[in-house]
Amino acid sequence: MDSRTLILTASEWIGVIAVSLFFGISPRFKRPPLVFLYPRREGLISVVLYILVLGLNFSLYRGGNAEDLVLRLAVAGLATVPFALALLVRRQPLRSAGWNRKLTGSALRAGLVLILLTIILRGRVFTLLEGVPTETGRALPLVAGICLAEESIFRGYIQPRLKGMLGLWVSLPVTAVLFAL
């Protein structure tokens, strides 16, 4: 990695951290903490559902091309089904899976700020003004759908339940490892 790329990457990370810290202290992002009546059971159910979805991923990707975004979106959509069913069967609100009506607008604004920050720091403003290639334009909604499904599963469903079972500082790396797998 050359020094220019290293400097650009470091400035991007510093900017993302600064924006995240800024939004973290904003009162718009304050929400009442989630408290589960049976945190151990909730944590175990989320791990079992994760194992089920991991097995689904391995079986579907074995025969398919992991680079195919349509396949990845279909798998991500299928992966959300057990978690959505768990919410319905257990009669839990969407808020317990990270979907909070009050926070959605603020979260979208924060995401937009991070996108713009990345575009500016990477020096891609003129690339956008010249026009996005057709293939990239087609890929963008697919990637956004994949990200939405993955974030809903990991940060919305699994992480709060593991936090209730294991505590904050253990649940964060555990959720990161599960996501990496």
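Computed from a prediction, not measured in an experiment: that's the story for all the values here. (Residues numbered from 1 in each chain as written. Predicted model: local features only at pLDDT ≥ 70, side-chain atom pairs only at ≥ 80, totals over all residues. Heavy atoms only, no water.)

## Regarding the overall build of the protein chain
So, step 1. Summing up its helical and strand segments, the protein chain has seven helices and zero strands in all.
So, step 2. When the helices and strands of the protein chain are placed in sequence order, the string is α-α-α-α-α-α-α.
So, step 3. Counting only C-alpha atoms, the protein chain reaches 50 × 45 × 30 Å along its principal axes.
So, step 4. Split into buried and exposed, the 181 residues of the protein chain put 23% on the buried side.
So, step 5. Contacts spanning at least 24 positions in sequence make up 76% of the contacts within the protein chain whose residues lie at least 6 apart.
So, step 6. Surface exposure of the protein chain reaches about 12,700 Å², of which carbon and sulfur atoms provide 70%.
So, step 7. Charge separation in the protein chain, taken as the distance between the mean sites of 20 positive and 9 negative side-chain charges, equals 17 Å. (Helix = DSSP H or I, 4+ residues; strand = E, 2+ residues; numbered from the N terminus. Buried < 20%, exposed > 50% of the residue type's maximum accessible area, 1.4 Å probe, protein only. Contact = heavy atoms within 4.5 Å. Areas by Shrake-Rupley, 256 points an atom, 1.4 Å probe, with all protein chains shown as cover. Lys, Arg positive; Asp, Glu negative; His and termini not counted. Charge placed at Lys NZ, Arg CZ, Asp CG, Glu CD.)

## Concerning the nonpolar core
So, step 1. Within the largest apolar cluster, 14 residues are counted, with the highest numbers of intra-cluster contacts made by Phe-83, Ile-153, Phe-154, Tyr-157, Ile-158 and Leu-178.
So, step 2. Elements represented by at least two residues in this core include exactly α2 (39–63), α3 (69–89) and α6 (134–166).
So, step 3. The biggest single contributor to this core is α6, with five residues.
So, step 4. Once residues within four sequence positions are removed from consideration, Phe-154 is found in contact with Tyr-50, Gln-159, Thr-175, Leu-178 and Phe-179. (Core = buried A, V, L, I, M, F, W, Y, C linked by side-chain atoms within 4.5 Å.)

## Digging into helix α7 (residues 168–180)
So, step 1. In a regular helix each residue adds 1.5 Å, so 13 residues correspond to 18 Å; α7 covers 18 Å between its end C-alpha atoms and thus fits that length.
So, step 2. Within the sequence span of α7, burial applies to Ser-171, Thr-175 and Leu-178. Relative to the axis of α7, the buried residues are bounded by an arc of 60° and lie together on one face. Of the exposed residues in α7, the ones pointing more than 90 degrees away from its buried face are Trp-169 and Ala-180. (Expected span 1.5 Å × (residues − 1). Arc of directions from axis to C-beta.)

## With respect to α3
So, step 1. With 21 residues, α3 ought to run about 30 Å at 1.5 Å a step, and its terminal C-alpha atoms sit 31 Å apart, in line with that.
So, step 2. Within the span of α3, buried status applies to Val-75, Ala-76, Ala-79, Pro-82, Phe-83, Ala-86 and Leu-87.
So, step 3. Of the residues flanking the start of α3, the one acting as N-cap is Asp-68, its side-chain oxygen 3.3 Å from the backbone nitrogen of Val-70.
So, step 4. One or two steps after α3, the chain reaches Arg-91, where phi turns positive at roughly 55°. (Polar contact = N/O pair within 3.5 Å; in protein donor to acceptor, adjacent residues only side chain to side chain.)

## Here we look at the pattern of salt bridges
So, step 1. As enumerated under the stated definition, the model contains three salt bridges in all.
So, step 2. What emerges from the salt-bridge pattern is a single network uniting Glu-42, Arg-90 and Arg-161. (Salt bridge = Lys/Arg side-chain N within 4 Å of Asp/Glu carboxyl O.)

## A word on the packing of α3 against α6
A pair of packed helices can be characterised by two numbers: the angle between their axes and the separation between those axes.
So, step 1. At a minimum axis distance of 9 Å, the contact between α3 and α6 shows a crossing angle of 30°. Relative to α6, the element α3 is oriented roughly parallel. The element α3 and its partner α6 pack so that their crossing is left-handed. Here Leu-69, Val-70, Arg-72, Leu-73, Ala-76, Ala-79, Thr-80, Phe-83, Ala-86 and Leu-87 of α3 lie close against α6, whose contacting residues are Ala-139, Leu-142, Val-143, Gly-145, Ile-146, Ala-149, Glu-150, Ile-153, Tyr-157, Ile-158 and Arg-161.
So, step 2. Looking at the contact of α3 with α6 residue by residue, the class counts come to 16 nonpolar, two polar and three charged. (Axes fitted to C-alpha atoms, helices over the stretch in contact; angles between N-to-C directions. Parallel < 35°, antiparallel > 145°, perpendicular 65-115°, else oblique. Left-handed = near helix turned anticlockwise from the far one by under 90°. Nonpolar A, V, L, I, M, F, W, Y, C, P; charged D, E, K, R; others polar.)

## A closer look at the packing of aromatic side chains
Aromatic rings in a pair are described by how distant their centres are and how their planes are angled relative to each other.
So, step 1. All told, the structure shown has three aromatic pairs when counted by the stated rule.
So, step 2. Judged by centre distance (4.9 Å) and plane angle (90°), the rings of Phe-154 and Phe-179 are edge-to-face. Within this pair, whereas Phe-154 is found in helix α6, its partner Phe-179 is found in helix α7, the two being separated by 25 residues in sequence.
So, step 3. The class of Phe-179 is partly exposed, set by a relative accessible area of 41%.
So, step 4. Taken together, the ring pairs connect Tyr-50, Phe-154 and Phe-179 into an aromatic cluster. (Phe/Tyr/Trp six-rings, centres within 6.5 Å; stacked < 30°, edge-to-face > 60°.)

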